[in-house]
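Examining the three-dimensional arrangement
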Amino acid sequence: MSYSSDLYQQVILDHNRKPRNFFAMEDSTHHCEGYNPLCGDKITVYLKVGNGGVIEDISFNGSGCAISKSSASMMTAFLKGKTIDTAKSVFESFHAMVTDDPGFDQAKSNLGKLAIFEGVREYPSRIKCATLSWHTLISAIDDKKEAQTE
Amino acid sequence: MKVDATIREIDIETVRKDFPVLSVKMGDNSIAYLDSGATAQKPLAVIERMKEFDSHQYATVHRGSYRLGEEATQIFESGRETIASFIGAKQGREIVYTSGATMSINLVAYGYGRKFIRRGDEIVISDMEHHANIVPWLKLCEETGAVLKVIPVTETGEFDESAFVKLLSARTKLVSITHVSNVLGTVNRVKELSALAHSAGAKVLVDGAQAAPHMKIDVSEIDSDFYVFSGHKMYGPTGVGVLYGKYDLLETMDPLLTGGDMIERVTFAGATYAPPPQRFEAGTPPITQVVGLCAAIDYLSAIGMETIEERERELLEYGSDLLRKIPQVRIIGTAPGKAAILSFVVDSVHPHDMVTILDGEGVAVRGGHHCAQPLMDRYNIPAATRASLAFYNTTEELDRLSAAIRKAVALFG
Ligand SMILES: Cc1ncc(COP(=O)(O)O)c(C=O)c1O
C-alpha cells in the first residue's frame, strides 16, 4: 500500500466524483460560504431547518480538492434528518478525530461512515480540507456570513 | 542547438553529491525535489562556508576595532563586490543587503514610493506578479492616492507589449515587473520594457527572484533602476536578499527601517542618515547569511550560468515532452524560451490532491495559487501544480514525475 492510498479510499473518490446533495438551495433557512485561503477551496453550505431544529434539507456547492469535496458530500448525507444539536456534537467528534485529539475514542464516537476520514490526521496539510465544510456548517447555523478554517 | 565553447556539460553525478538533501529518502525512494522555485537546496560549499565562518571568523560588523570584527566586516563588505560583479552592477555600493526579495520591494515602495509618488501618479505592474510585487504597491496606492495599472498577459503567458505601451504616460512614475514568472516560467523582455518605461519618464524595478538563480543577469544591460532577488532561491540561505539600485537614485531615497548602523550622527534633536547602502541596513545585518550567499554565487559561477541555463533548458524540454504526452494535462505557460518551470492543471485532479499523490511517490512539487492569485484568476483556475526545476534535477526524476501524474489521473479517473 502506498503512502497516499489510505487517504484516497474508494468511498472518498466516489463522493469526489459524484458529490451528493451538490446544489445551491433556493429556499434555505441558513447558508454560509467557507473559504480555505491556503488552497483556494471555496464551498457554500445550505440548510433548511424545520421545527425542533431538524435539518430537513442540506446541500453544498463550490469547488475544492477531493478531500474537501467528499467531506462536504458525506457530511450532508450524514446530517440530513438529524437535529442541529446532533450536527454540532458530530462536528466536535469529527474535529477531534482528524486533529488526533487524545480524548477521541473512535469506538465510542457517533461518526459512523464519517470515520473514513480518520486517515487525514496523518496529513497535517490536509486537515483543513476535511474540516472546511464542517466549519462552514457551524457558521451557517450561527448565521455568520463567512467561515474560514481556523 | 546552439554550440558554444564556453558551455560545458554538467557532471550530474558530481553535482548531485554537492547537495546533501537530494539523497534524503521518502519511503523507498530518494526525494525527487522539484520545488526549487519555492526554495533551492544548498550545496555543501554553502553549508560548509557558513559553518567555517561561524566557527572561526564570526563577529559583528561595522563596530569592533578588534581584529576579528575587522576581518568579519571586510568579508561582509567584500560580498557587495561579489554580488555586483555577478549581476553586472558597476559598483559594490549599489548592492543593499536585505532579508529577501520581499523586503527589497518594500524598501523601494517605502523609501522611493512614499517620497516621490503622489496622488494621481501611476504605478504599472502586471498580471503575472508574485504577491510580493503586488501588495506593497496596493498599499502605496492606498496611502498616496496613486493608481495601479496592470499589464495584461496573453494566453501563452507573455506580456501584451502593445497594451503595455498604451498604459505608459507622463503619469507613470514606476514600472515594477518580474523578470521570470514564478508560475509561467516566462522570461520577460525586461531590457526592452525598461527602455520603453524610461522613455515615458518612469523608473523601473525588476523582480529577479526567479531569474537570478537560473540565468546570467546583467543589470547594466537591462538598465533597470532597481533589481531585487533572494538568497534562498539561488542555493544560498534564507534571511538574506539583495536590492540593487542605481547609486544616484539610492541617494535620494529614505530608509525603510531606522535604528543603529544606518546613521551618520544622532542627537535628540535629530539624526542624519548614512549614505547608501548603509542607510538601508538598520540593525545588525544577516552576516553569516551574506557569507553564505556569496559562497552560493561562487559555486554557481564555477559551474557557469550559461552551463546552468543550457542544462535547465534540456530538462525543461524533456519534462515538457513527457507532460504533453499525458492528454489530461494542460500546461499553464507556454511562452517560447521560458525558464524551467512547469505549471499544469488536470481537470479531474485538484492540485492539492495531485501534490499528495506525487508526495506519496517521493516527488516534491508545489500546489496552490503560488502567491499569484490574480494570475490564477487570469487563467480561470483556482490553483495549479508546479514542478520547478534546477540544474541538479535529472531526466529520471522527470520520468518519476510523469509516472506519478499518470497514477493520479488513473486514480481519480
Ligand atoms: C517572482 C517572485 N518574486 C518575489 C518572491 C518573494 O521572495 P521572498 O519570499 O524570498 O522574499 C518570490 C518567491 O516566491 C517570487 O517567486
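Residues numbered from 1 in each chain as written. Chains lettered and ligands numbered in written order. Predicted model: local features only at pLDDT ≥ 70, side-chain atom pairs only at ≥ 80, totals over all residues. Heavy atoms only, no water.

All right, on to helix α12 (residues 351-360) of chain B then. Residue and element names in this part refer to chain B. A large share of α12 lies buried, amounting to nine of its 10 residues. For α12, the full list of buried residues reads P351, H352, D353, M354, V355, T356, I357, L358 and G360. Once α12 ends, the next one or two residues include G362, with phi positive near 80°. (Buried < 20%, exposed > 50% of the residue type's maximum accessible area, 1.4 Å probe, protein only. Helix = DSSP H or I, 4+ residues; strand = E, 2+ residues; numbered from the N terminus.)

This paragraph deals with the packing of aromatic side chains. Taken as a whole, this structure holds 16 aromatic pairs over all chains when the rule is applied. Here Y8 of chain A and F412 of chain B contribute two aromatic rings whose centre-to-centre distance is 5.3 Å and whose plane-to-plane angle is 70°, an arrangement assigned as edge-to-face. In this pair, Y8 of chain A is assigned in the segment before α1 (10-17) and F412 of chain B in helix α14 (residues 395-412), connecting two distinct chains. Just as Y8 of chain A is buried, F412 of chain B falls in that class too. For the pair F53 of chain B and Y58 of chain B, a centre-to-centre distance of 6.1 Å together with 85° between the ring planes defines the contact as edge-to-face. Residue classification places F53 of chain B among the buried positions, given a relative accessible area of 0%. According to the relative accessible area criterion, Y58 of chain B is partly exposed, its value standing at 40%. Pairwise contacts between aromatic rings join F19, Y235, Y299, F391 and Y392 of chain B into one cluster. Directly above the ring of Y247 of chain B sits R93 of chain B, whose terminal nitrogen or CZ lies 3.7 Å from the centroid. (Phe/Tyr/Trp six-rings, centres within 6.5 Å; stacked < 30°, edge-to-face > 60°. Lys NZ or Arg CZ within 6 Å of the ring centre and 35° of its normal.)

The next subject is the interface of chain B and chain A. Each partner contributes residues to the interface: chain B has 16 residues there, and chain A has 21 residues. Across the chain B to chain A interface the summed buried area is about 1400 Å²; carbon plus sulfur atoms make up 53%. The largest share of the area that chain B buries against chain A comes from H352, T356 and F412 of chain B, three residues that together contribute 37% of it. Summed over the shared surface of chain B and chain A, the result is one salt bridge. D353 of chain B is the salt-bridge partner of R126 of chain A, the closest N and O atoms lying 2.8 Å from each other. (Contact = heavy atoms within 4.5 Å. Buried area = accessible area lost by both parts, 1.4 Å probe. Salt bridge = Lys/Arg side-chain N within 4 Å of Asp/Glu carboxyl O.)

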